[in-house]
Amino acid sequence: MVTFLKILLAKALLALAFAVSILPAASEVPNVADWENVEKAAEGQTVYFHAWGGEPRINAYIRWAAAELKARYGIELVHVKVDDIAQSVSQVLAEKIAGRNRAGEVDLIWINGENFAAMRENNLLMRPGWADKLPNWRYVDTEDKPTTTVDFTIPTKGLESPWGMAQLVFLYDSAQVEDPPRTLDALVDFVAANPGRFTYPQPPDFLGNTFLKQLLVTLAPDPEVLSRPVSDDVLDETLTPVFDYLERLRPNLWRRGQTYPRNVAENRRLFADSEVEIAMTFNPADASAAIENKELPDTVRPYVLDGGTIGNSHFVAIPFNSDAKPGALVTANFLLSPEAQAIKADPRIWGDPTVLNVAELPVIDQTLFADADENPAMLSASELAPTLSEPHPSWTEELERAWLEHYGTN
């Protein structure tokens, strides 16, 4: 919240700055169509990549990418580890307010959602759109993974390049459950036949909210309204099917729906202790990693619902005032390559699902993903498809509010 307030304050200062001064031109934007010259200009540049640094596996992957970029392109990629990427967004904004249109501190930034929206709204991103002109863009799956071009309902317009995916996945133990429920109606039947053996995290827990959003995008009478901010004239008719459905589940939920797991960790513990038979996660590689760490039995398997589950993409973007734009472009293109995407998707490395259409890759590149496809605790890219788009963020607030009105707190 503090960061958000800082952004609001900075926005006000930005408006004032524009009113009293004329800022000098930003640093030159490379011609992405002339890729040979982009690579030539990138050689010898240092790219300061602002990215969350809280996960050792992700940090190790970025170190691998840095070594490859150094060896192949002569680029020095420096991972600037941050706790909250909104701080980096605020830094770029502050530089713009100060008229620092060259030599910004951030050359490449890992973002999505509200941070992308804030950078776009404040003209903090390199323009014109460039991502869809990268050489490796031709491999991106924009059809079955529409979140690669729409970031939380906001079209990216090439201002950021997709890097990875997150998606709602359900887990079951194949030694205990022969045929898990693959539709919402089948889930109601499963819970009725196995009372007390299913629950979901209590909103506003992130995963609890995600389950509600899955119901919303599946059951909304008019899905088109979900791409827009909530309006009162459609609110009740859109939410009613969600809570009608939850009422069908509730009598047979764990502890009769009188209480709920407080968060995803508690939901996972219930599943690991065999108190419930179905769990959920937002990381499709979660089961594989948990099995490897002996946290779950090796008979646990992931699955998605027929028709797909809700998900989103995360991206890399280039600030307007980077002086290492060629190096940042080459880095973004490398991160989008089949090789870099396949290594990132390996659950032993990171386990972050690819944004590429693996089936359409050259055969030799498809083999890079073969290990993941053969892991029984991993879903292939085709098994995960389609990924359903997130509703506009304002719907999450309304779902939380309505859930608390219906069911209160523990």
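For the structure, check the block above.
The numbers attached to residues start from 1 for each chain and follow its sequence in the written order. Local features are withheld for residues below a pLDDT of 70 in this predicted model, meaning they are given only at 70 or higher, and side-chain atom pairs are given and counted only at 80 or more; totals for whole chains, interfaces and linings count all residues. Side-chain metrics rest on all non-hydrogen atoms present in the structure, leaving aside hydrogens and water.

Student: How would you sum up the overall build of the protein? Please name residues and give values.
Tutor: Strands here mean DSSP runs of E at least two residues long; helices mean DSSP runs of H or I at least four residues long; both are numbered from the N terminus. Along its length, the protein carries 16 helices and eleven strands. Here the globule rule reads 2.2 Å times residues to the power 0.38, and the radius of gyration is calculated from C-alpha atoms. For 410 residues, the compact-globule formula gives about 22 Å, and the C-alpha radius of gyration of the protein, at 22 Å, lands near that figure. Expressed along its principal axes, the backbone C-alpha trace of the protein runs to roughly 65 × 50 × 35 Å. With a 1.4 Å probe rolled over the protein chains alone, any residue whose accessible area is under 20% of its type maximum counts as buried; one over 50% counts as exposed, and the rest are partly exposed. Sorting the 410 residues of the protein into buried and exposed places 54% on the buried side. By the convention used here, residues are in contact when the closest approach between their heavy atoms is within 4.5 Å. Across the protein, the fraction of contacts at a sequence separation of at least 24, relative to all contacts at a separation of at least 6, is 83%. Per-residue and other accessible areas follow the Shrake-Rupley method at a 1.4 Å probe size, with only the shown protein chains counted as cover for residues. A total accessible area of about 18100 Å² is found for the protein, and carbon and sulfur atoms account for 51% of it. Under this rule, positive means Lys or Arg and negative means Asp or Glu; His and the chain ends count for nothing. Charge placement uses NZ in Lys and CZ in Arg. For Asp and Glu, CG and CD serve respectively. In the protein, which carries 34 positive and 59 negative side-chain charges, the distance between the mean positions of the two groups comes to 5 Å.

Student: Now, about empty space enclosed by the protein: what can you tell me, with residues and values included?
Tutor: A cavity here means a set of points on a 1 Å grid, drawn over the protein atoms and nothing else, where a 1.4 Å probe fits but cannot get out; a pocket is an open set with protein on both sides within 12 Å along at least five of seven lines, and a residue lines either one if it has an atom within 4 Å of a point. Grid points are joined across faces, edges and corners, and a volume is the space filled by probe spheres set on the points. Summed over all chains, the structure comprises one cavity of 30 Å³ or more. Considering only enclosed or pocket space, the largest cavity measures out at about 50 Å³ in volume. Taken together, Thr147, Val150, Asp151, Phe152, Thr153, Asn312, Ser313, Ser389 and Glu390 make up the lining of the largest cavity. Breaking the lining of the largest cavity down by element, the ones donating at least two residues are strand S4 (150-151) and strand S10 (309-317). Three categories are distinguished: nonpolar for Ala, Val, Leu, Ile, Met, Phe, Trp, Tyr, Cys and Pro, charged for Asp, Glu, Lys and Arg, and polar for the others, with Gly belonging to the last. Its residues placed into classes, the lining of the largest cavity shows two nonpolar, five polar and two charged.

Student: I'd love a proper account of the layout of surface pockets, names of residues and values included.
Tutor: Each pocket or cavity is described by its volume, and for the second largest pocket that value is around 400 Å³. As for the second largest pocket, its lining consists of 28 residues, and the residues nearest its centre are Thr354, Val358, Ser380, Ala381 and Ser382.

Student: I'd like a description of the nonpolar core, backed by residues and values.
Tutor: For our purposes a nonpolar core is just a set of buried Ala, Val, Leu, Ile, Met, Phe, Trp, Tyr and Cys residues, chained together by side-chain atoms within 4.5 Å. Phe49, Trp130, Leu134, Trp163, Leu329 and Leu356 are the most contacted members of the largest nonpolar core, which totals 44 residues. Those elements that place two or more of their residues in this core are helix H2 (35-42), strand S1 (46-52), helix H3 (56-73), strand S3 (108-111), strand S6 (160-167), helix H11 (325-335) and helix H12 (338-345). Of all hydrophobic cores here, the second largest spans 42 residues; its members include Tyr200, Phe243, Leu253 and Leu305.

Student: Account for the sheet that holds strand S8 (residues 278-281), naming residues and giving values.
Tutor: Within a sheet, neighbouring strands are paired by backbone hydrogen bonds and run either parallel or antiparallel to one another. Here, a strand pair is defined by DSSP locating no fewer than two bridges between the strands. With antiparallel pairing, three strands are arranged side by side in an open sheet as S8-S7-S9. Strand pairing shows two members of the sheet lacking a second neighbour, S8 and strand S9 (300-303), which therefore form its edges. Strand-to-strand twist across the sheet, computed as the mean angle between neighbouring axes with direction ignored, equals 30°. As defined by bridge partners, strand S7 (residues 169-173) adjoins S9 across four bridges and the pair is classed as antiparallel. Only the stretch in contact is used when fitting a helix axis, every axis being a line fitted to C-alpha atoms; angles between N-to-C directions are given from 0 to 180 degrees.

Student: Can you tell me about helix H9 (residues 264-272), naming the residues and giving the values?
Tutor: Those residues of H9 not exposed but buried are Glu266, Asn267, Leu270 and Phe271. The buried residues of H9 all sit within an arc of 145° when viewed along its axis, so they share a single face. Here the buried face of H9 lies against S7, S8 and S9. Capping the start of H9, Asn263 holds a side-chain oxygen 3.1 Å from the backbone nitrogen of Ala265, two or three residues further along. Looking one or two places after H9, you find Ser274, whose phi comes out positive at around 65°. The arc in question is the one spanned by the directions pointing from the helix axis to the C-beta atoms. Between N or O atoms, a polar contact is any pair within 3.5 Å; within protein, one atom must be a potential hydrogen donor and the other a potential acceptor, and residues adjacent in sequence are included only when both atoms are from side chains.

Student: Lay out a negative patch on the surface with the relevant residues and their values.
Tutor: Without a salt bridge and with relative accessible area above 30%, a residue can belong to a patch; like charges are then joined within 9 Å and nonpolar side chains (Val, Leu, Ile, Met, Phe, Trp, Tyr) within 5 Å. Should a side-chain nitrogen of Lys or Arg be within 4 Å of a carboxyl oxygen of Asp or Glu, the pair is scored as a salt bridge. Negative charge collects at one region of the surface, where Asp222, Glu224, Asp232, Asp233, Asp236 and Glu237 lie side by side. Mapped onto the elements, Asp233 comes out in helix H8 (residues 232-249).

Student: Residues and numbers for the environment of Ile58, please.
Tutor: Within the element layout of this structure, Ile58 appears in helix H3. What makes Ile58 buried here is its relative accessible area of 6%. Placed 320 residues apart in sequence, Ile58 and Met378 show a C-alpha to C-alpha distance of 19 Å. Ignoring sequence-local partners within four residues, the contact set of Ile58 consists of Trp52, Trp110 and Trp350.

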